[in-house]
Amino acid sequence: MLCFAFTAQAAYGVDGYHENDYQKLRTFFETTTSSGTKNGNILFGDGYNPDNPATWSVTWTSDSPKRLKDFFFTDKALEGVLDLSGCTSLGMLICRDNQLTGINVSGCTSLSRVECTNNQLTGLDVSGCTSLQVLSFRWPRMHRCRPVEAALTGMASALINY
């Protein structure tokens, strides 16, 4: 006799969302800041649900599975490392005026614009961002950043604040 067990899939979760994009964002949103608050709660308030990407104010593609398309957050005092590597549909990342210590957007082949000035960056990886046209950041804490230097070589334009 064969027995099969089926579990009901939760109404909220990754269903319909690309696994990589969902996990990368969820990890960042669940990072606890020095004030003891999670980045997700700072961004989205009481309506934030880490298991329901529909509660996240980010732009998703309309295809299935949904991919991260654009991510904008400025002046929110968000902390930690933002790792969106491999989010291949990401077109724009605007994250000025926060407390981010690192950004990894390597392999984001659709990414055309990154604005991340006024953070606490010690690392920025834009390797493999073949569509990158505008990169705006401040360099003082990053003494040598080879992935950025390499990426700048093929860019049409770059805005770099030292």
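Residues numbered from 1 in each chain as written. Predicted model: local features only at pLDDT ≥ 70, side-chain atom pairs only at ≥ 80, totals over all residues. Heavy atoms only, no water.

A.B. asks: Looking at this structure, I do not really get the overall build of the chain. What am I missing?
C.D. replies: The secondary structure content of the chain amounts to three helices and eight strands. For the chain, the sequential pattern of α-helices and β-strands runs α-α-β-β-β-β-β-β-β-β-α. Looking at the chain as a whole, 40% of its 162 residues are labelled buried. Within the chain, contacts between residues at least 6 apart in sequence are counted, and of these 25% link residues at least 24 apart. (Helix = DSSP H or I, 4+ residues; strand = E, 2+ residues; numbered from the N terminus. Buried < 20%, exposed > 50% of the residue type's maximum accessible area, 1.4 Å probe, protein only. Contact = heavy atoms within 4.5 Å.)

A.B. asks: I keep staring at the confidence of the model for the chain and nothing clicks. Help me out?
C.D. replies: Looking at the chain as a whole, the pLDDT averages 84, with 77% of positions reaching at least 70. Overall, residues 1-13 carries pLDDT values under 50, and its contacts beyond four positions in sequence, including any with other chains, amount to seven contacts. (pLDDT = per-residue confidence, 0-100.)

A.B. asks: I keep staring at the sheet that holds strand β5 (residues 99-104) and nothing clicks. Help me out?
C.D. replies: Hydrogen bonds along the backbone pair up the strands of a sheet, which may run parallel or antiparallel. The parallel open sheet is built from three strands, whose spatial order is β3-β5-β7. Two strands bound the open sheet, and with one partner strand each, they are β3 (79-83) and β7 (123-125). Ignoring strand direction, the axes of neighbouring strands in this sheet form an average angle of 25 degrees. Relative to β5, β3 runs parallel, the two sharing five bridges. Along β5, the bridge assignment pairs Val81 with Gly102. (Pairing = 2+ DSSP bridges. Axes fitted to C-alpha atoms, helices over the stretch in contact; angles between N-to-C directions.)

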